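Next come the chains, spelled out residue by residue.
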Amino acid sequence: MNQMTPDRAAPKGFAALQVQDVTHYTDRLFSFQTERPASFRFRSGEFAMIGLEVDGKPLLRAYSIASPNWGDHLEFYSIKVPDGPLTSRLQNITVGDHILIRPKPVGTLVFDALLPGKRLFLLSTGTGIAPFASVIRDPEVYEKFDEIHLFHTCRTTAELTYGRALVECVRVHEFLGELAAGKLHHVPATTRETSHSMGRIDEWIEDGRLAERCGGALTPDTDRVMICGSMAMLETLKACCETLNFVEGSNANPGQFVIEKAFAE
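Residues numbered from 1 in each chain as written. Predicted model: local features only at pLDDT ≥ 70, side-chain atom pairs only at ≥ 80, totals over all residues. Heavy atoms only, no water.

## Some details on the pattern of salt bridges
- By the definition in use, this model includes eleven salt bridges.
- A salt bridge links Lys 144 to Glu 140, with the nearest nitrogen and oxygen atoms 3.5 Å apart. One end of the pair is Lys 144 and the other is Glu 140, both in helix α3 (residues 139-144) and four residues apart, which spans about a single turn.
- Owing to a relative accessible area of 32%, Glu 140 belongs among the partly exposed residues under this scheme.
- In this structure, Glu 203 and Arg 200 form a salt bridge, with 3.3 Å as the shortest nitrogen-oxygen distance.
- Look at Arg 200 and you get partly exposed, because its relative accessible area is 45%.
- Each of Arg 28, Arg 155 and Glu 159 takes part in a single network of salt bridges with overlapping partners. (Salt bridge = Lys/Arg side-chain N within 4 Å of Asp/Glu carboxyl O. Helix = DSSP H or I, 4+ residues; strand = E, 2+ residues; numbered from the N terminus. Buried < 20%, exposed > 50% of the residue type's maximum accessible area, 1.4 Å probe, protein only.)

Set out below in structure tokens:
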């Protein structure tokens, strides 16, 4: 891993990371990679406070770490908000620029917050797929679960590009590919644009499509669920899980499903 960039000062309590790559997927979505300090450790699914220095002060938001915990860089996946205090600036970063990070990642979308199970359902909308980009690249997930089902819904097919590329990257990886074979299942769907696979995740659960696609309905006996997306989506899917008698977990008290409430704008 990289050491900290020596010629870039950061406010006390922060690190300054040099941007190494930026990819724009649509006019609303982009990802970027930065160097990773040798001292920066995180669990798959955690988030960090990142941002930019604006008018001499750190402007920060919570961003899930999309890169694998074994990687030598950090990756983040972001929405573009034209009038967003941070994203209106962040979307214009280029290679060589620096971002700030508070080097203490946290979060509940981690294995430690779940009880052992057989099937893991990763339910995401939009940039909510970011923590699962880390989870499905962690060899541990394939040791802990027999099946991993990654659901990703977006408004349009173009917005599903990041997720499709991510899953393909796992499947062709020289090491992860073997672990994921027959275990990792990807279900992308649109909610506005007409496509062969449409509908919100709660609709898939309620009308039986999830059970048909995944070989059985959700059950707290064997299934574990991680949820990341908009606040409305979180509330809806949390209610779905509780209706099915799933118990919410945390780092202190592992359960059968977990949600993440910390997001970028």
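## What to know about the sheet that holds strand β4 (residues 57-64)
- Taking strand neighbours across the sheet as the criterion, the six strands line up as β4-β3-β6-β1-β2-β5 in an open arrangement whose pairing is antiparallel. At either end of the open sheet lies a strand with only one pairing partner, and these are β4 and β5 (73-79). Averaged over neighbouring strand pairs, the angle between their axes works out to 40° when direction is ignored.
- Summarising the sheet, strand β2 (residues 29-35) and β5 pair through seven bridges and their orientation is antiparallel. Across the sheet, Leu 29 pairs through a bridge with Ile 79, a residue of β5. (Pairing = 2+ DSSP bridges. Axes fitted to C-alpha atoms, helices over the stretch in contact; angles between N-to-C directions.)

## Some details on the side chain of His 186
- Within the element layout of this structure, His 186 appears in strand β9 (residues 184-190).
- Under the relative-accessibility criterion, His 186 is labelled buried at 13%.

## Re the nonpolar core
- Grouped together as the largest cluster of nonpolar side chains are 32 residues, with contacts concentrated most on Leu 120, Leu 122, Ile 136, Ile 148 and Met 226.
- Elements with a contribution of two residues or more to this core: β5, β7 (119-125), α2 (130-135), α3, β8 (147-154), α4 (161-172), α5 (176-180) and β10 (223-228).
- Leave out the neighbours within four places in its chain, and Ile 136 touches Leu 122, Val 141, Tyr 142, Ile 148, Leu 150, Leu 166, Val 167, Val 170 and Leu 184. (Core = buried A, V, L, I, M, F, W, Y, C linked by side-chain atoms within 4.5 Å. Contact = heavy atoms within 4.5 Å.)

## Examining the confidence of the model for the protein
- Here the protein shows a mean pLDDT of 94. Residues at 70 or above account for 96%.
- Across residues 1-7, where pLDDT falls below 50, the model places 23 contacts with residues more than four positions away in sequence or in other chains. (pLDDT = per-residue confidence, 0-100.)

## Focus on helix α8 (residues 231-243)
- Relative to the 18 Å expected for 13 residues at 1.5 Å per residue, α8 spans 18 Å between its end C-alpha atoms, a close match to the ideal helical length.
- Among the residues of α8, those classed as buried are Met 233, Leu 234, Leu 237, Cys 240 and Cys 241. Projected onto a plane normal to the axis of α8, the buried residues spread over an arc of 130° and lie on a single side. Away from its buried face, by an angle of more than 90 degrees, α8 presents the exposed residues Ala 232, Glu 235 and Thr 243.
- Looking at the buried side of α8, the elements it contacts are β7, α6 (201-207), β10 and β11 (257-259).
- Immediately downstream of α8, the backbone of Asn 245 shows phi near 70°, a positive value. (Expected span 1.5 Å × (residues − 1). Arc of directions from axis to C-beta.)

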